[in-house]
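# Structure at a glance
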Amino acid sequence: MHPSAPHTTPRRVLWRLGSYLVAGMALLGALSAQAQTTFTTTYRNGSTYNIYGKEPSAAGKYPVYVHTVGTGEAYDSAWAKAAIDAAVARGFVAATVQYANASFGSCSTISGRAKGIFNATSTSSAIAKLCARGKADCSKGIVTGGLSQGSIISVLAKNYDSRVQASMGQGTGSTYTVAYNLESCMANGKHAQPGERIRIINGERDMFVGGTEAIARSQAELVTGLKCTGRQSCFRSNGSGWYIVKDLEVADLNADHCFMGNLGVPGVQCSGILGVDPYYEYGNNQWGVKATMDWLKTFVRP
Amino acid sequence: MKHYELSSQPRTPSVPAARTVPWVRRWPQAALALVALGAVLWALWPAQPPAALHTQASAPVAQAQRAGQAWPFAAGASETDAAEPAAATHSPWDRLQPVADGDETAQGPDPRTLNAGIAPERLSVQRRLAAQEFLDHVVLQPEPRGGYMVQAVLPGSVYARSGLRPGDTVYTLDLPDQPPVEESNMVALTSMHELAFQVVRDGALVRLSVRLNEEVASDGQG
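Bear in mind that the values here come from a model prediction, so they are computed numbers and not experimental data.

## With respect to the nonpolar core
In terms of nonpolar packing, the biggest core is built from 105 residues, with A:Tyr65, B:Phe134 and B:Leu164 touching the most fellow members. With 7 residues, the single largest contributor to this core is helix H2 (residues 78–89) of chain A. Beyond its immediate stretch of four places on either side in the chain, B:Leu164 contacts B:Phe134, B:Val138, B:Val150, B:Val153, B:Tyr159, B:Phe197, B:Val199, B:Arg201 and B:Leu208.

Quick look at the structure:
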């Protein structure tokens, strides 16, 4: 027997296990990369704006998910891409859409931006461009989602395209700081999307819509028309409603306006722009992106 | 083996032989000289006086102002204006021709495409995003002496509501009394409820502003 045999055998086993692990990871990566295809395109709303999206690689026609980012947020941010990844994994043609978001605005201004994206009667709108894709079948349904100003656009989307079946909003309300009161377009009944097709998720420390759990709740109630006094969450039988994310539920212990962010400056709203909260992205929480996309999927035909 | 012939007499070129070349055999040199002369004259000759370009640049702006149109060729623009051939003039107004086909032509010129040569940093050192948004809504023409002349303003935009109009000259979007805004901070951006900047109009500095939280009758394009 070779003197080094007892020493090398465990090493070889470990080496083989490591090789299998790496090979498996590579195979998984290759399979997931094959499962979906990235695309970019543009649309016109006065100027030309970009669209970044993903669609399943498998042949077929799929419903469409449209994501709109918040004020000042890059349209292809890590947060937006997390939503796109979750949507495409559930069989959507998913896209995040750039718009004029360097500033906030009144109901009329943000409605103009929403119209530019969702105008069903224009061939140059973002939704027209997306529905024209070979893999997209908008007759199966369109669902929307967004953060902050993007969440307002998400809720207003059905005003301009009746094919929008359900809308999700993060950091959503009608009062944004003391300067902006959007009740005339965001209160339940003021938008074409019925309350029973809306899901709002707000952080308990969301300074935009108030800064306390009670105000975050009342703002969500105003938009969805669903009241549950003192509760952390409130859902109808079809999953519509709202959820207030608590500090202890997020990785950086700061459930602010951008609760999906991670590794931000403690106490500074929306500063974790480079990271995505792992509980939001991979967790099975009701406020996580997976649960949100699963809910949106119930309103479209596969 | 090679044999070399040695001679005491040096070999000189035969001068009379050169003189015997006939003039008809020098036509290639003559043609080259003519072409070179033509090229020099073509390069030195002024194609158009500089003043003429400036006059043509201002004419269509005035025309649009008289017609009450800040955005040429948009929906509602007269067919006569839209059907004008692009090659009729060589003014910067030609840059405002629609750049896309189909339904997109109804939207008029595309500011982002037309302003592609202007970096947002040239308009604002503090707010690059705001400058890019300005370039997405306002078509500019660089001025020879610095600054940018407004060629067209997207109707319904906050810039149209601020009173910006063709013919104004923009040097910067930054105001001296304006505190810097951290554009990566969503709170800071959402807290802003007024947009203000200065332009030069008819030789005078004019401050334009618009309240961002003000509702307007028609929904704009940003």
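Moving on from the coordinates now.
## Examining the interface of chain B and chain A
Facing the 36 residues of chain B at the interface are 44 residues of chain A. When chain B packs against chain A, close to 3,000 Å² is buried across both sides, 49% of that on carbon and sulfur atoms. Where chain B packs against chain A, one counts 1 salt bridge. A:Arg113 is paired through a salt bridge with B:Glu133; the nearest N and O atoms lie 4.0 Å apart. Linking chain B with chain A are 19 residue pairs in polar contact (both at pLDDT 80 or more).

## Brief notes about the pattern of salt bridges
Residues and elements named next belong to chain B. Counted according to the given criterion, the structure contains 11 salt bridges over all chains. Put simply, Arg 201 and Asp 168 hold a salt bridge, and the shortest N to O gap is 2.7 Å. Pair noted here: Arg 201 is in strand E4 (residues 194–201) and Asp 168 is in the loop between helix H7 (158–161) and strand E3 (169–170), with a separation of 33 residues, a long-range link. Both residues of the pair, Arg 201 and Asp 168, count as buried.

## Examining helix H6 (residues 128–137) of chain B
Counting buried positions over the 10 residues of H6(B) gives 7, a clear majority of the element. Residues of H6(B) that are buried include every one of B:Ala130, B:Ala131, B:Glu133, B:Phe134, B:Leu135, B:Asp136 and B:His137, and no others.

## Some remarks on the side chain of B:His137
Residues and elements named next belong to chain B. For His 137, the position within the fold is in helix H6. A relative accessible area of 0% places His 137 in the buried class. In this structure the side chain of His 137 is engaged in a polar contact, spanning 2.6 Å, whose partner is the backbone oxygen of Glu 133.

## Digging into the sheet that holds strand E5 (residues 142–147) of chain A
Residue and element names in this part refer to chain A. Pairing is mixed across the open sheet formed by 9 strands, whose spatial order is E1-E2-E4-E3-E5-E6-E9-E11-E10. Every interior strand has two partners, whereas the edge strands, strand E1 (36–45) and strand E10 (233–235), have only one. This sheet shows a mean twist of 20° between the axes of neighbouring strands, independent of strand direction. Sheet topology places strand E2 (residues 47–56) next to strand E4 (residues 93–97); 4 bridges connect them, and they run antiparallel. By the bridge assignment, Lys 54 is partnered in E4 with Ala 94.

The rules behind these values
Residues numbered from 1 in each chain as written. Chains lettered and ligands numbered in written order. Predicted model: local features only at pLDDT ≥ 70, side-chain atom pairs only at ≥ 80, totals over all residues. Heavy atoms only, no water. Core = buried A, V, L, I, M, F, W, Y, C linked by side-chain atoms within 4.5 Å. Buried < 20%, exposed > 50% of the residue type's maximum accessible area, 1.4 Å probe, protein only. Helix = DSSP H or I, 4+ residues; strand = E, 2+ residues; numbered from the N terminus. Contact = heavy atoms within 4.5 Å. Buried area = accessible area lost by both parts, 1.4 Å probe. Salt bridge = Lys/Arg side-chain N within 4 Å of Asp/Glu carboxyl O. Polar contact = N/O pair within 3.5 Å; in protein donor to acceptor, adjacent residues only side chain to side chain. Pairing = 2+ DSSP bridges. Axes fitted to C-alpha atoms, helices over the stretch in contact; angles between N-to-C directions.

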